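Here is what each chain is made of, one letter per residue.
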Amino acid sequence: MPLPVYEKVFSAAEKGFISEIHENLCCLQSLTKNFSLRCVRTLDHGFDANEYYRYFLKRGERFVIRAKKNRDVIYDGQTCNIMDVARQYKGAYRMDFKDKISGLRNNSLNWRL
């Protein structure tokens, strides 16, 4: 069962608000400060954005972001669909979850943005 470790309510109308991404990055910085880098950060597909990938990759943090099936990545210097890359791996590099369409969700591999 997930355990909440950070909570902050914000409004786009409040003074000093920059962006939702900025608020989320503040949360991630709090996790980085308070938890070991060995902990795996697990995020839903709302975090499937380059800003979050850059954050984790720059700091060498372990993470899983549920990606949309139409997500393109650069892998081995070529642009390809994330599903094509995921199908090349087994074991610790990939976790399969079946949804209504029997699709795959991929965990961390060596991506370049």
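For the structure itself, consult the block above.
How each quantity is defined
- Residues numbered from 1 in each chain as written.
- Predicted model: local features only at pLDDT ≥ 70, side-chain atom pairs only at ≥ 80, totals over all residues.
- Heavy atoms only, no water.
- Salt bridge = Lys/Arg side-chain N within 4 Å of Asp/Glu carboxyl O.
- Helix = DSSP H or I, 4+ residues; strand = E, 2+ residues; numbered from the N terminus.
- Buried < 20%, exposed > 50% of the residue type's maximum accessible area, 1.4 Å probe, protein only.
- Pairing = 2+ DSSP bridges.
- Expected span 1.5 Å × (residues − 1).
- Arc of directions from axis to C-beta.
- Contact = heavy atoms within 4.5 Å.
- Phe/Tyr/Trp six-rings, centres within 6.5 Å; stacked < 30°, edge-to-face > 60°.
- Disulfide = S-S within 2.5 Å.
- Core = buried A, V, L, I, M, F, W, Y, C linked by side-chain atoms within 4.5 Å.

As for the pattern of salt bridges
Note on pairing: side chains with opposite charge can pair once their charged atoms come close. This model, assessed by the stated rule, comprises four salt bridges. Of the charged contacts, one joins Asp-44 and Arg-66 as a salt bridge, the two residues approaching to 2.7 Å between their closest N and O atoms. Of this pair, Asp-44 sits in the loop between strand E1 (41-43) and helix H2 (50-59) while Arg-66 sits in the loop between strand E2 (63-65) and strand E3 (72-75), placing them 22 residues apart in sequence. When its relative accessible area of 30% is taken as the criterion, Arg-66 is described as partly exposed. The residue Asp-48 makes a salt bridge to Arg-71 at a minimum N-O spacing of 2.7 Å. With Asp-48 in the loop between E1 and H2 and Arg-71 in the loop between E2 and E3, this pair connects stretches of sequence that are 23 residues apart.

Looking at the pairing of strand E4 (residues 78-81)
Examined bridge by bridge, E3 and E4 share four bridges and lie antiparallel to one another. Within E4, the position partnered with Val-73 by the bridge is Cys-80. Once E3 ends, the chain turns through two residues before running back antiparallel as E4, passing Asp-76 with a positive phi of about 55°.

Quick notes on helix H1 (residues 20-34)
In this model H1 runs 21 Å from its N-terminal to its C-terminal C-alpha over 15 residues, within 8% of the 21 Å that 1.5 Å per residue would give. Taken residue by residue, H1 has Glu-23, Asn-24, Cys-27, Leu-28 and Leu-31 as its buried positions. Projected down its long axis, H1 carries its buried residues within an arc of 140°, all on one side. In this structure, the buried side of H1 is in contact with E1 and H2.

Comments concerning the packing of aromatic side chains
Applying the stated criterion across every chain, the model contains five aromatic pairs. Between Phe-10 and Phe-17 the ring centres are 5.7 Å apart and the planes differ by 20°, which places this aromatic pair in the stacked class. When its relative accessible area of 31% is taken as the criterion, Phe-10 is described as partly exposed.

A word on the state of the cysteines
According to the stated counting rule, one finds zero disulfides in the structure shown. Here Cys-26 stays free of any disulfide, with the sulfur of Cys-27 as its closest cysteine sulfur at 8.8 Å.

Observations concerning H2
Considered for burial, the residues of H2 that qualify are Tyr-52, Tyr-53, Tyr-55 and Phe-56. Viewed along the axis of H2, the buried residues span an arc of 160°, placing them on a single side of the element. Lining the buried residues of H2 we find H1, E1 and E2. Phi for Gly-60, located one or two positions after H2, is positive at around 70°.

Some details on the nonpolar core
Burial of nonpolar side chains together is a common tendency in soluble globular proteins. Counting residues in hydrophobic clusters, the biggest one holds 16 residues, and the most contacted among them are Leu-28, Phe-56 and Ile-65. When contributions to this core are tallied by element, the ones reaching two or more residues are H1, H2, E2, E3 and helix H3 (82-86). Ranked by residues supplied to this core, first place goes to H2 with four residues.

It is worth stressing that arrangement in space is one thing and function is another; only the former is reported here.
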